[in-house]
Amino acid sequence: MLKGKRVIVTGASTGIGEQIAYHLARMGSHILITARTEAKLQKVVERCLELGAASARYVSGTMEDMAFAQHVVREAHTSLGGLDMLILNHVGASYFGFFDGDVEHVRKLLEINFLSYVAMTTSALPMLKESEGSIVVVSSMAESAVRAAAEVLRERPAPRDECALEILKGAALRRRELYYRYSSTRLPLLLRDCAADLLDYLVRSRGMGLFLKIFIPLLGGLLAFYFYSAPQSFNEGMLRGKRVIVTGASSGIGEQMAYHLARMETHLLLTARTEAKLQKVVERCLELGAASAHYISGSMENPSFPEVVVKEAETSWGGLDMLILNHIGYSGSSGFNFFDGNVGQVRKLMETNFISYVAMTTLALPMLKESDGSIVVVSSMAGKAGSPFAASYSATKFALDGFFSSLRHEFVMDKVNVSITLCILGYINTESAVRAVSHVIQGTPAPKEECALEIIKAGALRQRELHYPPWVVSAVVLLRGIAPEFLDSITRSWYNVENLRRS
Ligand SMILES: NC(=O)C1=CN([C@@H]2O[C@H](COP(=O)(O)OP(=O)(O)OC[C@H]3O[C@@H](n4cnc5c(N)ncnc54)[C@H](OP(=O)(O)O)[C@@H]3O)[C@@H](O)[C@H]2O)C=CC1
Ligand SMILES: C[C@H](CCC(=O)O)[C@H]1CC[C@H]2[C@@H]3C(=O)C[C@@H]4C[C@H](O)CC[C@]4(C)[C@H]3CC[C@]12C
């Protein structure tokens with residue numbers, strides 16, 4: 001099937017990428033490989049030619065540089081005259097160990113492991129459309145909370161040669177997703193979707209290998225354990241006098257959270273960009289009974305703003321009990337629409353919706369450790385399952401899940417008593433959401449007032465995840481795990497694409 005096909009393989013100087021190149025060579029493909037180290041690439045190209053590649057060449061450079069990604073695609077155009085398959089496989093060196101608060105490193109990894117994938121896809125798309133080609137993205141179980149499970153499950157790593165072949169088979173058959181070593185990748189992911197607390201516990205207690213061997217008989221008992229370990233109930237006194245930061249508090253769900261917290265007599269520090277709106281929200285909070293309320297205006301697009309906000313809490317309160325991260329920037333001029341290939345906008349949205357959340361957390365952590373406090377991260381269904389017309393936004397929300405679900409493991413393992421609550425929200429009736437999607441989606445949005453209260457309760461109860469509205473979100477999360485293609489098709493049926501094109 002791949003004989004004579006024109007294929008780019010990134011990260012092909014070593015590891016799985018190198019093995020993919022050798023398999024393609026045996027199948028007689030035209031291969032263009034990339035990585036940083038020229039000497040290694042040269043050797044891989046020589047071996048590919050020996051193995052029978054129709055042609056083999058390389059381009060060396062770093063994917064930290066967006067211009068390099070575009071250069072590789074231009075090279076395919078010039079030397080191969082087109083492209084049938086783009087295999088995105090490269091990965092920047094990641095630090096394996098407790099997160100050390102190095103936000104700059106997170107930015108760099110995003111550039112290499114994510115933004116360059118978007119840039120290559122965007123540049124290669126015209127050629128791939130012409131050839132009705134394929135894009136293959138090599139990812140990891142660590143896309144969510146189960147990274148540590150890989151270490152527990154695979155004491156001996158799976159062979160990269162076999163893995164490379166499975167990737168190619170999946171790609172040639174145009175499969176939507178490939179789970180290499182099904183029982184050790186797919187089953188934990190399924191378990192995460194059905195009983196996430198349980199999976200987290202098993203991962204940390206290193207009981208996963210044994211668990212999988214007796215998976216079916218144990219499932220009933222374990223689910224019972226999961227349901228019976230219900231959290232304590234909420235009462236408003238729990239938050240009285242607590243010191244809380246709410247970001248994105250000038251409108252929508254953030255504004256409603258501020259009002260609920262005010263009624264609960266908390267100390268509030270609110271942030272957003274628009275000073276006039278924040279002023280009004282603060283006034284109303286004081287009327288409603290807040291122990292104190294003030295604001296700082298500024299943009300989370302600005303990398304130095306998180307420090308200003310956290311310093312303000314330190315100066316005025318000398319501590320912090322709850323950090324509610326809720327703000328979002330907009331996906332640029334294209335807004336809620338088909339992805340237009342603007343990588344700069346994706347980077348900008350990542351800075352506002354993801355990197356600033358990491359920075360705020362890192363800066364606030366010493367105070368939160370001291371108070372045994374809580375971090376509440378507001379995310380979306382679009383951060384659990386791909387969402388049309390919100391590709392960049394959806395990517396920022398997936399990033400939040402990957403980062404904060406991993407950090408939660410580290411806190412438990414390191415005995416840091418700071419809770420992390422990830423809030424997965426469906427469609428809520430805030431002005432901005434209704435304005436963006438009401439002409440495209442028929443469904444009735446859930447009320448923002450109730451949504452805001454549920455977020456606060458989940459944070460106060462130190463819950464791992466909140467699903468709101470509960471049934472819609474839980475059904476979507478479960479379907480994503482057990483029947484992703486079915487979910488994809490019903491998701492697409494919710495959207496009126498003609499109205500979107502007309503707008
Ligand atoms: N509404 C919905 O249907 C859903 C919402 N969510 C999530 O809920 C949360 C709140 O959404 P929602 O209330 O609808 O959104 P809104 O648009 O109503 O509120 C967004 C808030 O973020 C602030 N903000 C925007 N840009 C920036 C910036 N660059 N720097 C700092 N603050 C900024 C806005 O204020 P200002 O413009 O003054 O800066 C505003 O206070 C988000 O995390 C969203 O992803 C999740 C799923 C569905
Ligand atoms: C349409 C989705 C839900 C379908 C359903 O009713 O079951 C929505 C789920 C999440 C929404 C998006 C979201 O996360 C918030 C963004 C906030 C901005 O204000 C603009 C709109 C959003 C892109 C919003 C759009 C609808 C959802 C995808």
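The rules behind these values
- Residues numbered from 1 in each chain as written.
- Chains lettered and ligands numbered in written order.
- Predicted model: local features only at pLDDT ≥ 70, side-chain atom pairs only at ≥ 80, totals over all residues.
- Heavy atoms only, no water.
- Helix = DSSP H or I, 4+ residues; strand = E, 2+ residues; numbered from the N terminus.
- Buried < 20%, exposed > 50% of the residue type's maximum accessible area, 1.4 Å probe, protein only.
- Areas by Shrake-Rupley, 256 points an atom, 1.4 Å probe, with all protein chains shown as cover.
- Near = heavy atom within 4 Å.
- Polar contact = N/O pair within 3.5 Å; in protein donor to acceptor, adjacent residues only side chain to side chain.
- Nonpolar A, V, L, I, M, F, W, Y, C, P; charged D, E, K, R; others polar.
- Phe/Tyr/Trp six-rings, centres within 6.5 Å; stacked < 30°, edge-to-face > 60°.
- Core = buried A, V, L, I, M, F, W, Y, C linked by side-chain atoms within 4.5 Å.
- Domains from an automatic or database assignment.
- Contact = heavy atoms within 4.5 Å.
- Axes fitted to C-alpha atoms, helices over the stretch in contact; angles between N-to-C directions.
- Parallel < 35°, antiparallel > 145°, perpendicular 65-115°, else oblique.
- Left-handed = near helix turned anticlockwise from the far one by under 90°.
- Pairing = 2+ DSSP bridges.
- Right-handed = clockwise from strand over helix to strand, strands pointing away.
- Expected span 1.5 Å × (residues − 1).
- Arc of directions from axis to C-beta.

Caption draft 1: Molecular detail of the overall build of the protein. On a plain count of helices and strands, the protein comes out with 20 helices and 12 strands. For the protein, the proportion of its 503 residues judged to be buried stands at 50%. Taken as a whole, the protein presents about 23200 Å² of accessible surface, with 54% of it coming from carbon and sulfur.

Caption draft 2: Representation of the site of ligand 2 within the structure. As a structural note, the neighbourhood of ligand 2 is formed by 14 residues, with Ser380, Ser387, Tyr393, Ser432 and Ile441 the closest of them. In this structure, Ser380 approaches ligand 2 through a side-chain N or O atom, which is 2.6 Å from an oxygen atom. Contacts to ligand 2 include Tyr393, whose side-chain N or O atom sits 2.6 Å from an oxygen atom. Looking at which element gives the most residues to the shell around ligand 2, the answer is helix H16 (residues 431-437), with four residues. The residue inventory of the shell around ligand 2, partitioned by class, reads 11 nonpolar, three polar and no charged.

Caption draft 3: Broad picture of the site of ligand 1. Lining the immediate surroundings of ligand 1 are 30 residues, of which Arg273, Thr274, Tyr330, Tyr393 and Thr430 lie closest. Between an oxygen atom of ligand 1 and a main-chain N or O atom of Asn326, the distance comes to 2.8 Å. Tyr393 places a polar side-chain atom, nitrogen or oxygen, 2.6 Å from an oxygen atom of ligand 1. Bound to the protein, ligand 1 loses 95% of the 880 Å² it would expose on its own. Of the residues forming the shell around ligand 1, the biggest block, three residues, is contributed by strand E10 (residues 374-380).

Caption draft 4: Looking closely at the packing of aromatic side chains. Scanning all chains against the criterion turns up seven aromatic pairs. Judged by centre distance (4.9 Å) and plane angle (80°), the rings of Phe338 and Phe389 are edge-to-face. Separated by 51 residues along the polypeptide, Phe338 in the loop between strand E9 (322-325) and helix H14 (343-371) and Phe389 in the loop between E10 and helix H15 (391-413) bring together distant segments of the chain. Owing to a relative accessible area of 39%, Phe338 belongs among the partly exposed residues under this scheme. Under the relative-accessibility criterion, Phe389 is labelled buried at 10%. Geometrically, the ring pair formed by Phe389 and Tyr495 is edge-to-face, given 5.7 Å between the ring centres and 65° between the ring planes.

Caption draft 5: Structural detail: the nonpolar core. Counting 47 residues, the largest nonpolar core has Ile245, Phe354, Ile375 and Phe404 as the members making the most contacts within it. Looking at this core, the element that brings in the most residues is H14, giving 11 residues. In terms of domain composition, this core takes at least three residues from each of domain 1 (6-175) and domain 3 (238-470). Other than its neighbours up to four places away in sequence, Ile375 contacts Leu323, Leu325, Thr361, Leu365, Leu368, Phe404, Phe411, Val418, Ser419, Ile420 and Thr421. Counting residues in each nonpolar core, the second largest holds 38 residues, with Ala290, Ile428, Ile456 and Ala458 among its members.

Caption draft 6: Representation of the packing of helix H13 (residues 305-317) against H14 within the structure. At a minimum axis separation of 9 Å, H13 and H14 run at an interaxial angle of 25°. Compared by their axis directions, H13 and H14 come out roughly parallel. The handedness of the crossing between H13 and H14 is right-handed. Counting all contacts with H13, which are made through Pro306, Glu307, Val309, Val310, Ala313 and Glu314, the residues of H14 involved are Ser356, Ala359, Met360, Leu363, Ala364 and Met367.

Caption draft 7: Seen up close, the side chain of Ser250. Looking at the secondary structure, you find Ser250 in the loop between strand E6 (243-247) and helix H11 (252-263). Given a relative accessible area of 12%, Ser250 falls into the buried group. Sequence-distant contacts of Ser250, that is, excluding residues within four places in its chain, are made with Glu255, Ala272, Lys277, Leu278 and Val281.

Caption draft 8: Broad picture of unusual backbone geometry. That bond from Tyr468 to Pro469 is cis: its omega, -10°, falls within 30 degrees of zero. Here the phi dihedral of Arg174 falls at roughly 55°; this positive angle occurs in a residue that is not glycine. Tracing the sequence through the fold places Arg174 in the loop between helix H6 (160-172) and helix H7 (182-194). On the basis of relative accessibility, which here comes to 54%, the residue Arg174 falls in the exposed class. A positive phi is found at Arg462, a non-glycine position, where the angle reads about 55°. Mapped onto the secondary structure, Arg462 falls in the loop between helix H17 (448-460) and strand E12 (465-468). Overall, the relative accessible area of 33% leaves Arg462 in the partly exposed class.

Caption draft 9: Up close: the environment of Asp401. Within the secondary structure layout, Asp401 lies in helix H15. Taking the C-alpha atoms as reference points, Asp401 and Cys423, 22 residues apart in sequence, are found 9.7 Å from one another. A distance of 2.6 Å separates the side chain of Asp401 from the side chain of Ser405, its partner in a polar contact.

Caption draft 10: Fine view of the pairing of strand E8 (residues 292-297). Bridge analysis of strand E7 (residues 267-272) against E8 gives six bridges, and the strand direction is parallel. In the sheet register, Leu268 faces E8, and the bridge partner there is Ala293. The parallel pair E7 and E8 is bridged by helix H12 (residues 275-288), and the resulting crossover is right-handed.

Caption draft 11: Expanded view of H6. The end-to-end C-alpha separation of H6 is 18 Å, in line with the 18 Å expected for 13 residues at 1.5 Å each. Burial in H6 covers these residues: Cys163, Ala164, Ile167, Leu168, Gly170 and Ala171. Buried residues along H6 cover an arc of 160° about the axis, so they all sit on one side. Residues of H6 that are buried make contact with helix H1 (15-26), strand E4 (85-88) and strand E5 (134-137). One or two steps after H6, the chain reaches Arg174, where phi turns positive at roughly 55°.

Caption draft 12: Spatial organisation of the packing of H14 against H15. The contact between H14 and H15 brings their axes to 8 Å, and the two run at 20°. In terms of their interaxial angle, H14 and H15 are classed as roughly parallel. As H14 packs across H15, the resulting crossing turns out to be right-handed. Where H14 approaches H15, its residues Val346, Leu349, Met350, Asn353, Phe354, Tyr357, Val358, Thr361 and Leu365 are matched on the opposing element by Ser392, Tyr393, Ala395, Thr396, Lys397, Ala399, Leu400, Phe403, Phe404, Leu407 and Phe411. For the contact of H14 with H15, the class distribution of residues is 15 nonpolar, four polar and one charged.

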